[in-house]
Amino acid sequence: MAVEEKWKGWASKQRKEAEHGGEREPGVLLGRQLAEPGRFAYAALCGTSLAWLFPENEQSSFRTEFIKSFVKWLDLPDAVLPAMTAFADGLGGEGTETFTEILLKDPILKENPLLITQDLLSFSLQYGSYDARARVLICRVSWLLRIPLEDLEVLEESLLESLKEQKEEESETAEVSRKKKERRKKLKRYLLIGLATVGGGTVIGLTGGLAAPLVAAGAATIIGSAGAAALGSTAGIAVMASLFGAAGAGLTGYKMKKRVGAIEEFEFLPLTEGKQLHITIAITGWLCTGKYGSFTAPWSSMLHSSEQYCLAWESKYLMELGNALDSLLNGFVNMMAQEALKFTVLSGIVTALTWPASLLTVASVIDNPWGVCLHRSAEVGKHLAHILLSRQQGQRPVTLIGFSLGARVIYFCLQEMAQEKGSEGIIEDVVLLGAPVEGEAKHWRALTRVVSGRIINGFCRGDWLLSFVYRTSSVQLNVAGLQPVDLDDRRMVNMDLSSVVNGHLDYMKQMDTILKAVGIKTKECQLEEKGSGRLFSPQAKKSQRAAGSEAQGEETTRKEEDEAGSEALPASSAHQQNSSSSALGEP
C-alpha cells in the first residue's frame, strides 16, 4: 500500500508539473534543458563515475559507447567528446566533486535534482535494454547528488504503474483494435513462448506490445514527452517487449520441459505479483518437512523488488538432505558435537582427527545426500546461467540471493556466465549466504566480470556443520561460508553473520533477521520506515553492527565518508561501509 501511494503521489506531481511547468519546453529531453555548463558537468560526472565503477579493460567498449551516446543525448558539441572519453577512461576523477557542484547550481535542478535520475533512467531505457551497469551508474550519480536511492525505485515503479493505469483506461474502440492485433499475433506468440506462457503474460508486457501509443501517453508524465514519444513509435513497441521478455511473460513462462543433463527439476515460482524494471531471484538451499517444506517459505518477508521469483530445483534431493540435517542436528549428536567442537572449529584447527567419534559414525546420513546435492547445485547453476544469458527475464537487471546450496547455485551460475561472451550488464547484485564454495580470492575474480553492483558474502565462523561436510577437503578449511573472501575489488562485501547465525540451519530459520542484517528490505522494514536505500537501508545500520564486522582497518574510510555528510550512504559498520559504499560512493 505504501508503494502504491508513492506511485500515485509521484505520478500526480509529475502531471501537475507537466501542466503548469511553462518554463520547460515541451518535447525537449530533460537533460537538454540544462544550461551548457550543467550539461558538460552532467556528462563529465557520468564519465568519471563510469571510470570508477567499471575500470576493467573488458568494460572499455561499454564506457566508450555509453559516453558517446550520452553526449548526443545531451546535445553537446562533438568537440567535447574526446574530453568525455578521457573522463570515462579514468582521467579527471578528482573533479567529481566540482562537477557535482556545478550541476546542482543549474536553475532547473536547484529545487528538484531528481530530474537527473529521471533523465538517466530515460536514457538507459531508450533502446529497450536496462543494463545492470547503467542502473549501478544511476545509483552512484544519484548518491553523489544526495538523492535518496529509494527515489529511483519510485520512478521505476511509477513508470510501470502509469503503463498499467493507461491500459485500464483504454477506450472501447482501442480495446477492439487491440484484440484484433492480438489475434493476428497469436500464432507467433505461441511459437515464442508456448500456450502456458500466453495465459501468464502480464498486462505490462501486453500493453507494451499491443497498445504502445496509449502506453506512451501515460508514460509521458514520468519520462518526459520526448522520451514517451519514442516509446509510442514503432521502435517503442520493440523497446517494451525487449525489456520484459516475450509478451511480458518473462520467467513465469519458463519451466524445464525435459531433463537437462542430471537436472530433473527447474522452475521459477513468483514470490510477488508486481512488475518492476529490475528483478530478484531467490534460491533456497534445502527443504524439510513442516514449515520449511516449500521453496518460497524462507523468502516470505523479502521485499527487495516488486518482482521477485524463487527457483524451484531438485526438490526430491533437497528434501532428503533437509530431513537428514534436521534429524541429525536437532538430536543428541548436535549437542555433543557443539560442545566438543567449540574449542576447535572456532580456533580454525579442525582436522579429521578432531571430530567426535559419535558424529563420524553417522556421517553417511549427511554425506550421501550432501554429495548428491553438491553436484546437482553446480549443474543447476550452469543451467540458470544460460537461462539468464538467453534473456528469458527480458533486458532487465537481476539480483540473485541464496543460502547454503542455493548460494552455491549462484556461484556456479556466475562462473558459467563469466566464460560466455555478452554476459556483462545482466547481474546487478548477488548475495551468497553460508556458501559451500571455495573461499580463495582467485576463484572469485571471474565473478567481477559478470556482477555490476556488489558481491556480498555472508559467512559464519562458527558454522560447524559446514566445516564438517568439508572435513575431508583439507587440513586448513578455506570455505566462503566460514570466512571473508579477501578479494580486492570495490564489488566485494564480506559480512560476518556470526552473531546472527548460530549454525547452518539458521540460514533458513533466521532468514528474516539475516535479510535485515545484510540490509535487504523486508515487509517489516517497509512498515517500520518510510525511506530505505537500494540494497542497504538505514534500518540495516543497527543490524549490521550486530552482525559483528571485524575489519577495523577500514575505520578511516568510514570517517571520511561520514564527514562528507551523506545521510543516504548505504552501509554502517566499518568493514561493510567500505565495501558496500564502494559500489556507489567515494573510495
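Residues numbered from 1 in each chain as written. Predicted model: local features only at pLDDT ≥ 70, side-chain atom pairs only at ≥ 80, totals over all residues. Heavy atoms only, no water.

**Overview of unusual backbone geometry**
Excluding glycine, most residues fall at negative phi; most peptide bonds, likewise, are trans.
For step 1, the next point in the chain: In this model, E314 sits at a positive phi of 40°, which is unusual for a non-glycine residue.
For step 2, the next point in the chain: Positive phi, close to 55°, is recorded for S404, a residue that is not glycine.
For step 3, the next point in the chain: When you line up the elements, S404 lands in the loop between strand 4 (398-403) and helix 19 (405-418). (Helix = DSSP H or I, 4+ residues; strand = E, 2+ residues; numbered from the N terminus.)

**Considerations on the sheet that holds strand 5 (residues 427-433)**
For step 1, the next point in the chain: Reading across the sheet, the seven strands line up as 1-3-2-4-5-6-7 and stay open at both edges, with mixed pairing between neighbours. Only two strands of the sheet have a single neighbouring strand rather than two, namely strand 1 (266-270) and strand 7 (492-496). Averaged over all pairs of adjacent strands, the angle between their axes in this sheet comes to 20°, without regard to strand direction.
For step 2, the next point in the chain: Note that strand 6 (residues 455-459) and strand 7 share five bridges and pair parallel. Looking at strand 7, one finds that I455 is bridged to M492.
For step 3, the next point in the chain: Packing of helix 19 onto the sheet brings it into contact with strand 2 (279-283), strand 3 (308-313), strand 4 and strand 5, and relative to strand 4 it is tilted by some 140°. (Pairing = 2+ DSSP bridges. Axes fitted to C-alpha atoms, helices over the stretch in contact; angles between N-to-C directions. Contact = heavy atoms within 4.5 Å.)

**Regarding the packing of helix 2 (residues 36-53) against helix 3 (residues 60-73)**
For step 1, the next point in the chain: The N-to-C vectors of helix 2 and helix 3 enclose an angle of 170°; their axes lie 10 Å apart at closest approach. By the angle class used here, helix 2 and helix 3 are roughly antiparallel. Residue-level inspection shows Y42, A43, C46, G47, L50 and A51 of helix 2 in contact with helix 3, the latter providing F62, R63, F66, I67 and F70.
For step 2, the next point in the chain: Taken together, the residues of the contact of helix 2 with helix 3 break down into nine nonpolar, one polar and one charged. (Parallel < 35°, antiparallel > 145°, perpendicular 65-115°, else oblique. Nonpolar A, V, L, I, M, F, W, Y, C, P; charged D, E, K, R; others polar.)

**Examining the side chain of S142**
For step 1, the next point in the chain: Relative to the helices and strands, S142 is located in helix 7 (residues 132-144).
For step 2, the next point in the chain: Every residue in contact with S142, bar those within four places of it in the chain, is listed here: T117, I147 and L149.

**Some points on the pattern of salt bridges**
For step 1, the next point in the chain: With the rule as written, the count across this model stands at 18 salt bridges.
For step 2, the next point in the chain: Where E307 meets R396, a salt bridge forms, and the shortest distance between an N and an O atom there is 2.6 Å. Of this pair, E307 sits in the loop between strand 2 and strand 3 while R396 is found in the loop between helix 18 (363-389) and strand 4, placing the two residues 89 residues apart along the sequence.
For step 3, the next point in the chain: Overall, E307 belongs to the buried group, its relative accessible area being 1%.
For step 4, the next point in the chain: By relative accessible area, R396 is classed as buried at 1%.
For step 5, the next point in the chain: For D429, the salt bridge goes to R454, with nearest N and O atoms at 3.9 Å. (Salt bridge = Lys/Arg side-chain N within 4 Å of Asp/Glu carboxyl O. Buried < 20%, exposed > 50% of the residue type's maximum accessible area, 1.4 Å probe, protein only.)

Just geometry here; none of it tells us what the structure is for.
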